[in-house]
Amino acid sequence: MSRVTLRLSGTELLCQEEHPSLLIALESHQIEVEYQCREGYCGSCRCRLVMGQVDWITEPLAFINEGEILPCCCRAKGDIEIEM
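Residues numbered from 1 in each chain as written. Predicted model: local features only at pLDDT ≥ 70, side-chain atom pairs only at ≥ 80, totals over all residues. Heavy atoms only, no water.

Time to look at the nonpolar core. In terms of nonpolar packing, the biggest core is built from 23 residues, with Val4, Leu6, Leu22, Leu26, Ile69, Ile80 and Ile82 touching the most fellow members. Of all elements in the fold, only strand 1 (2–6), strand 2 (12–15), helix 1 (22–28), strand 3 (47–56) and strand 5 (74–83) reach the threshold of two or more residues within this core. Not counting chain neighbours up to four residues away, the residues in contact with Leu26 comprise Leu6, Leu13, Ile31, Val33, Pro71, Ile82 and Met84. (Core = buried A, V, L, I, M, F, W, Y, C linked by side-chain atoms within 4.5 Å. Buried < 20%, exposed > 50% of the residue type's maximum accessible area, 1.4 Å probe, protein only. Helix = DSSP H or I, 4+ residues; strand = E, 2+ residues; numbered from the N terminus. Contact = heavy atoms within 4.5 Å.)

Quick look at the environment of Ser44 now. Residue position: Ser44 is located in the loop between helix 1 and strand 3. Put simply, Ser44 and Pro71 are 27 residues apart on the chain and 9.7 Å apart in space, counted from C-alpha to C-alpha. Ser44 has contacts with Glu34, Tyr35 and Gln36, leaving out every residue within four places of it along the chain.

On to unusual backbone geometry, then. A positive phi is found at Gln30, a non-glycine position, where the angle reads about 60°. Turning to its location among the elements, Gln30 is positioned in the loop between helix 1 and strand 3. Phi at Arg38 is positive, roughly 65°, even though this residue is not glycine. By relative accessible area, which is 31% here, Arg38 ends up partly exposed.

Turning next to the pairing of strand 1. For strand 1, the buried fraction is high: four of the five residues fall into the buried class. Note that strand 1 and strand 2 share four bridges and pair antiparallel. Paired with Ser2 across the strands is Cys15, a residue of strand 2. Hairpin remark: strand 1 followed by strand 2, antiparallel, with five residues in the connecting loop; positive phi at Gly10, about 80°. (Pairing = 2+ DSSP bridges.)

Spelled out as structure tokens, the structure:
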């Protein structure tokens with residue numbers, strides 16, 4: 001279980017083992033995230049990882065800059081903070 005902090009609102013939520021991706025964890029806490037593909041192709045869910053690390057479930061095909069993640073294809077690796 002990991003704690004996810006949303007920097008813009010200060011909201012904290014738990015990402016649990018039953019959540020297959022960070023996107024699903026966010027949605028389970030009623031956090032609205034823009035997405036289109038859920039597979040790392042489109043990059044619509046792109047956000048900045050402020051603190052911590054993620055494990056990639058699948059390597060994203062969409063272009064991401066250093067410090068950015070795609071919640072649809074990663075999971076929190078310990079406690080993280082994202083700009084959302």
